Every structure is written in C-alpha cells, then in structure tokens.
Amino acid sequence: MEENGNSNNVPKDIWKLPLSVFFKDARLVFKMDSLGKEILGIAFPSALAVAADPIASLIDTAFIGHLGPVELAAVGVSIALFNQASRITIFPLVSITTSFVAEENTIEKINTTAVEKQFTENIKVMSNEVMPDDHALQDIEKGASKEDGTLKSETNNGDDANTNICNTSTDTSSCNKSVSKTRRKKRHIASASTALLFGTILGLLQAATLILAAKPLLGAMGLKPGSPMLIPAVKYLRLRSLGAPAVLLSLAMQGIFRGFKDTTTPLYVIVSGYGLNVALDPILIFYFKLGIRGAAISHVLSQYIMALALFLILMRKVDLLPPSIKDLQIFRFLKNGGLLLARVVAVTFCVTLAASLAARLGSIPMAAFQTCLQVWLTSSLLADGLAVAVQAILACSFAEKDYDKVTATATRTLQMSFVLGVGLSVVVGVGLYFGAGIFSKNVLVVHLIRISIPFVAATQPINSLAFVFDGVNYGASDFAYSAYSLVMVSLASVTSLFLLYKSKGFIGIWIALTIYMSLRMFAGVWRMGTGTGPWRFLRGRSLS
C-alpha cells in the first residue's frame, strides 16, 4: 500500500485512530542517534538566537535606567509598541518562509540528484563501462523528456551543455568536472526571493506607520498629551522605527536559513550584531551624550549590520533574483500569511485580555500577574527551538514523501518537548517559591505570586507541547487548520476568561489561561491523533 496520504489509503474502519503514535519509540527520547542529533543541532542554536534579543533588550534597559525613571518608562512603552507591531508581521512571514524554503530546497535537491544520475549513466554508456540493453538505451535517450517541469528548468540553465559534453566525449574526468560544477551552482529558491520582497515591503510599511503615527499610537498605549514620557517616547520610537526594514529583512532571512536547516549561521550573526549593540550603548548614550537617542541609534545600526551580513552570506548560496515575476509565490505567501495573521491576532488578543483583566483588579494583582506571565512564557524560548527543528525537518520529509521520518521526527520532538516541560515545571516551581522576593518586596505581591505557582509551574509541559505542535503543523504546511483551530480556541478561552474572572478573580484568570493552553495543545493532538489532513497516512499503519 502506498503511503502518499491519499484518502484511498484510509482503511474501511474510520474509527481506528492512530493515537498510539505519540508513544512510538518513547524509550528513544534521549538517544543521540542521527535523528536526535539533527533535531538538537537545529533546535539548540535556534533557541539561543531567540534568547539573544531579550537578553540584549535587558542590557539596553539597564543602560537606559541610568538616565532616569521617565526615560526608562518612555522607552519601555515605545519598545512594547514596536515589538507588538513587529510580531504581527514577523511571525507569519518567518513561519511561512521556513516551510516553503525547506520544501522547495528539498525538491530542487531531488531534481539535481536525478540530473547527476543521468550524467553518470551517460558517462558509463559512452565509456563502454556498461553495455545497456535496448530498453536502457531508450531510457537514457529520453531521460530529459521524462523529468518534470522543475527538472526541465534546471537542465535548461546550463545542464544541456554538460550533457552534450558527456554524450560526445569519452573523457570521464571532464564529465565528472561538469557534474561537480552543476553541484556547486547557486540554488534557485523562488520562495527565498519572495520572502525578501515581502520583508522589505512590510518593513517599510511598519517604519512609515510608526514614524507618522507615533503620537496617536503612543496615546493608545496610555501616554496622554500632558505626560512627561510622551516627548522622549516619540523620539525613541521614531528613531527605532528606522530599523524596521532591517528587522523584517533579518527575520525573513533567518526563516530562509531555517528552511535550509541552518540555524548556526544566523546565531553567529545575531550574537555579533547584538554584541555590537551592547558595545555602542554606553558610547552613544553617555560619551556622546545622546541619551535615549543613542540607545535607539545603536539598535538600528546593529540591525542593519546584521541584515547586511545575512544578505551577503545568503547571496553566496542562493540566486536571489528569480528568472521572472511569475516564479515568485506571491499569492501563496498572501494566502497562508493571512491565515497565520488571524492566528497571531487571536493569540495576542487572549494574552492581552488576560493582562487587561488583571490590571482592573489593581496594581498589586497586576504586578504579580505580570511577573508570573513572563515566567509562564519563558518555556517558549526553549520550546521554540524544538518547534523550528520539527518544522524544518518535517517540511523536507513531506517533500521527499519520507513518511517514516515524518512520523519519527514529529513523535521524537513532541516527546522531547514534554520532557523539557517537566523539567521546567520543577525549575519554575522551586524558583518562584523561593525567589518570589526577587521580583517584589511587597508582601501581598509575593503572596499572589506564590498562589499562582500551581498554574505557572504545572502547565509548563502543556505549554511546551502546544508550542511544538505549532511547528508540527507548519512543517506539514497545515496553515489553515492551525489558524482556524486557534481562532476557535481563542473564542472559547475569551468566554472562560470573562466568566472565571467574575467568579474567581485573580485565580480565575490563571484557570482560564490554563484552559487556553490546554485547548491549544489538544488542537494539535486532535489533528495528528485522528490521522486527518496531512496525517492521513498514519491510519492503518503499524505504529508498534
């Protein structure tokens, strides 16, 4: 039976669900075989790269804090606004780019391998190393016509000349050189060009919007016309917004590298860029007496340097100019980007609503909630690394139709994320109980933090699984299900937030957030565990 995911492969017993797939080879979760090394080789650098930005922002905050509380508060509001605007555009772009590039790169490798195999066959025939029968000779003569459209476009870019050389010469070494030259060609990845185009356009739009509408947007964030924070916040936001094109381009290129399963190169560039940012901060802020303008300038300069470095490296690997406009996957990006945009809005709305309800309870509950919320979401920094790894590997494996690797990768990564979540539960629980006083000296705030521990700590495995299921869905290009399911989850979660807030207050908010993350996780379990959508091939397979 072919495992191509078609409905024809679904057994008659449609109620035979592949739920056992999640426990497949669970004993191998810690095994450092080729798959384990591949997952961690992608996940670890990716997690470090994700963590670099908040660490750099923390150091930025420390420098700005020496300027005074007004400047610190103004910059804090501006950064929150900038990050929120960036998240809406960045998340869909990076997620789509990773999947599309991984898929397209895999298909190109398959086609290139087919071309090289054809070259080798021709070499053997012309050098009399193989005496082909009539059928084999006909296959060789008709080889080019039997390739698909993508392969034809590859051979037309210079491979015909190499084939002619091999067909008219018995010099095997010259043919091998031509094959090597073909292998070293830059890759033609149309989705990479499309990602850079969208990154540039979105970056320019974000910069223009934030610069021109700085005052009203900051007003919506709570800075009224008479606030002493308004003027410094406007200055910082406008300067910081000049770096928006570089930020979007950098993240689009990170998505491209992730599609190549290369998270190490972006890590080196990101660490170097943020290192430059930290080094420039004291020079521009204090030595040149530019204050918060110096902080903004150092950040913008580092972003453009990172974007330039990634672009130069990428140019050596990929032909960034597509043959024609038709090769750009504009409508595919727009369709799936729109789906993920709806998803991002739904996620953002749930968390923002929870914070808003906590703020209505007063400053003390809000202080405790904000502390716990940041700790609660720290698992995403580590789980996102696993999510990136499973997305890249699954996108390639689905393109290759290697469903055994698809199953093994998805289950292994989900099992790793559960183990990670259990470990985080212990660390977070103990850390919050004994370290609550670090976040506040107020006895009531500390008391509320400790009351939240059962929810913040115990839900870490749920959070990790939910984040990694996102990567699983993106790797399977299941963007529609990911978006629609999250919108439904958000609707249910918003309802529970209002009901539990009114009846349980502070604890009710945490119960509702626990329900929200549990539903997110369940949506992932349901899709894969029922063998629907791209997971149809799991039905009827032996998962023992």
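Treat the numbers as computed from the prediction; the structure is a model and nothing was measured.

Draft legend 1. Local environment of the overall build of the chain. The helix and strand inventory of the chain stands at 20 helices and 0 strands. For the chain, buried positions account for 50% of its 544 residues. Taking all contacts inside the chain whose residues are at least 6 apart in sequence as the whole, residues at least 24 apart take part in 84%. Accessible surface computed for the chain: about 25,500 Å², of which carbon and sulfur atoms make up 66%.

Draft legend 2. Focus on the environment of Val375. Summarising the element assignment, Val375 is placed in helix α14 (residues 363-376). Since its relative accessible area comes to 15%, Val375 is described here as buried. Residues within four places of Val375 in sequence aside, it is in contact with Val428, Leu432, Phe439, Val456 and Gln460.

Draft legend 3. Molecular detail of the packing of aromatic side chains. Scanning the model with the defined rule gives 17 aromatic pairs in all. When the ring of Phe100 is compared with that of Phe333, the centres are 5.3 Å apart and the planes differ by 80°; the resulting orientation is edge-to-face. Placement of Phe100 in helix α2 (residues 69-126) and of Phe333 in helix α13 (residues 330-360) is noted, with a sequence separation of 233 residues between them. The exposure class of Phe333 is buried, given its relative accessible area of 4%.

Draft legend 4. Summary view of the nonpolar core. Residues Phe369, Ile509, Trp510, Met528 and Trp535 are the most contacted members of the largest nonpolar core, which totals 70 residues. Look past the residues within four positions of Trp510 in its chain and what remains in contact with it is Phe369, Cys372, Leu373, Trp376, Ser452, Phe455 and Val456. Ranked by size, the runner-up nonpolar core spans 53 residues in total, among them Phe100, Leu210, Leu314 and Phe333.

Draft legend 5. Structural view of empty space enclosed by the protein. Evaluation of the coordinates by the stated rule reveals 4 cavities of 30 Å³ or more. Size it by volume and the largest cavity reaches roughly 70 Å³. Surrounding the largest cavity, Arg343, Ala466, Phe469, Asp470, Asn473, Ser482, Ser485, Leu486, Arg520, Ala523 and Gly524 form its lining. Among the elements of the structure, α18 (460-475), α19 (479-504) and α20 (506-529) are those that each provide at least two residues to the lining of the largest cavity. Ranked by residue count, the leading element in the lining of the largest cavity is α18, at 4 residues. The residue inventory of the lining of the largest cavity, partitioned by class, reads 4 nonpolar, 4 polar and 3 charged. If you go around the second largest cavity, the residues you meet are Ser46, Ala49, Gln254, Arg258, Asp262, Thr263 and Pro266. Elements supplying a minimum of two residues to the lining of the second largest cavity: α1 (34-65) and α10 (244-259). Along the lines of polarity and charge, the residues of the lining of the second largest cavity split into 2 nonpolar, 3 polar and 2 charged.

Draft legend 6. Broad picture of the pattern of salt bridges. In the structure shown here, the tally under the stated rule is 10 salt bridges. Close ionic contact of Arg412 with Asp33 constitutes a salt bridge, the shortest N to O distance being 2.9 Å. Residue Arg412 is located in helix α16 (residues 403-439), and its partner Asp33 is located in the segment before α1; the two are separated by 379 residues in the primary sequence. Among the salt bridges present, the one from Lys405 reaches Glu38, with a minimum N-O distance of 3.0 Å.

Draft legend 7. Fine view of unusual backbone geometry. Unlike most non-glycine residues, Lys261 shows phi in positive territory, near 65°. As for its position among the elements, Lys261 is in the loop between α10 and α11 (264-287). Backbone geometry places Ser477, a non-glycine residue, at a positive phi of 55°. One can find Ser477 in the loop between α18 and α19.

Draft legend 8. Broad picture of the side chain of Thr263. By the element assignment, Thr263 lies in the loop between α10 and α11. Reaching out from Thr263, the side chain makes a polar contact with the backbone oxygen of Ile42 at a distance of 2.9 Å.

Draft legend 9. Seen up close, the packing of helix α7 (residues 190-212) against α10. Two elements in contact, α7 and α10, have axes separated by 7 Å at closest approach and are oriented at 155°. On the basis of their axis angle, the class for α7 and α10 is roughly antiparallel. Taken as a pair, α7 and α10 cross one another with a handedness that is right-handed. Contacts from Ala192, Ala195, Leu196, Gly199, Thr200, Leu202, Gly203, Leu204, Gln206 and Ala207 of α7 reach α10 at Ala244, Pro245, Leu248, Leu249, Ala252, Met253 and Ile256.

Draft legend 10. Looking closely at a nonpolar patch on the surface. Together, Phe30, Phe418, Val419 and Val422 make up a nonpolar patch on the protein surface, roughly 380 Å² of accessible area in all. For Val419, a relative accessible area of 33% corresponds to the partly exposed category.

Draft legend 11. A look at the packing of α2 against α7. The interhelical angle for the contact between α2 and α7, taken along N-to-C directions, is 175°, at an axis separation of 9 Å. On the basis of the axis angle, α2 is roughly antiparallel to α7. Contacts between α2 and α7 pair Leu81, Phe82, Ala85, Ser86, Thr89, Leu93, Thr97, Phe100, Val101 and Glu104 from the former with Ala190, Ser191, Ala192, Ala195, Phe198, Gly199, Leu202, Gln206 and Leu210 from the latter.

Draft legend 12. The arrangement of the environment of Ile39 in detail. Mapped onto the elements, Ile39 comes out in helix α1. With 347 residues separating them along the chain, Ile39 and Leu386 place their C-alpha atoms 7.2 Å apart. Non-local contacts of Ile39, meaning those with residues more than four positions away in its chain, are made with Leu386, Ala389, Ile393, Thr409, Arg412, Thr413 and Met416.

Draft legend 13. Quick peek at the confidence of the model for the chain. The predicted model of the chain has a mean per-residue pLDDT of 84, with 85% of residues at 70 or higher. Of the regions scoring below 50 in pLDDT, residues 1-15 engages in 20 contacts with residues more than four places distant in sequence or in other chains. Segment residues 177-183: pLDDT under 50, and 8 contacts once partners within four positions in sequence are set aside and those in other chains are kept.

Draft legend 14. Local environment of the side chain of Gln329. Summarising the element assignment, Gln329 is placed in the loop between α12 (292-317) and α13. One polar contact links Gln329 to Arg332, side chain to side chain, over a distance of 2.9 Å. Aside from chain neighbours lying at most four places away, what touches Gln329 is Phe100, Glu104, Ala190, Ser191 and Thr194.

Cut-offs and rules
Along each chain, the written sequence defines residue order, and numbers are assigned to residues from 1. In keeping with the predicted nature of the model, local features appear solely for residues at pLDDT of at least 70, side-chain atom pairs appear and are counted solely at 80 or more, and the whole-chain, interface and lining totals rest on all residues. With hydrogens and water stripped out, all remaining heavy atoms of the structure feed into the side-chain values. Elements are defined by DSSP. Helices are runs of H or I of four residues or more, strands are runs of E of two residues or more, and each kind is numbered from the N terminus. Note on classification: 1.4 Å probe, protein chains only; a residue is buried when its accessible area is under 20% of the maximum for its type, exposed when over 50%, partly exposed between these limits. The contact criterion used throughout is that any non-hydrogen atoms of two residues lie within 4.5 Å. Every accessible area reported is derived by Shrake-Rupley at a probe size of 1.4 Å, with residue values counting cover from the shown protein chains alone. Aromatic contacts are taken between Phe, Tyr and Trp rings whose centres are within 6.5 Å, Trp giving its six-membered ring; a plane angle under 30 degrees counts as stacked, one over 60 as edge-to-face, and the others as tilted. Definition used in this section: a nonpolar core is a set of buried Ala, Val, Leu, Ile, Met, Phe, Trp, Tyr and Cys residues joined via side-chain atoms within 4.5 Å. Only protein atoms enter the calculation, which uses a 1 Å grid: trapped sets of points that fit a 1.4 Å probe without letting it out are cavities, open sets showing protein on both sides within 12 Å along at least five of seven lines are pockets, and any residue with an atom within 4 Å of a point is a lining residue. Grid points are joined across faces, edges and corners, and a volume is the space filled by probe spheres set on the points. Basically, the charged four are Asp, Glu, Lys and Arg, the nonpolar ten are Ala, Val, Leu, Ile, Met, Phe, Trp, Tyr, Cys and Pro, and anything else, Gly included, counts as polar. For this document, the term salt bridge refers to a Lys or Arg side-chain nitrogen within 4 Å of an Asp or Glu carboxyl oxygen. Within 3.5 Å is the distance limit for a polar contact, defined as a pair of N or O atoms, with the added protein rule that one can donate a hydrogen and the other accept it, and that residues adjacent in sequence qualify only through two side-chain atoms. Every axis in this analysis is a line fitted to C-alpha atoms, fitted for helices over the stretch in contact. Angles between the N-to-C directions lie between 0 and 180 degrees. Any angle that falls under 35 degrees is termed roughly parallel, while one over 145 is termed roughly antiparallel, one within 65 to 115 roughly perpendicular, and all others oblique. Helix crossings are classified by the rotation of the near helix relative to the far one: an anticlockwise turn of less than a right angle makes the crossing left-handed, while a clockwise turn makes it right-handed. In this scheme, patches are assembled from residues that exceed 30% relative accessible area and form no salt bridge. Like charges are connected within 9 Å, while nonpolar side chains (Val, Leu, Ile, Met, Phe, Trp, Tyr) are connected within 5 Å. One confidence number per residue, pLDDT, is output by the predictor and ranges from 0 to 100.

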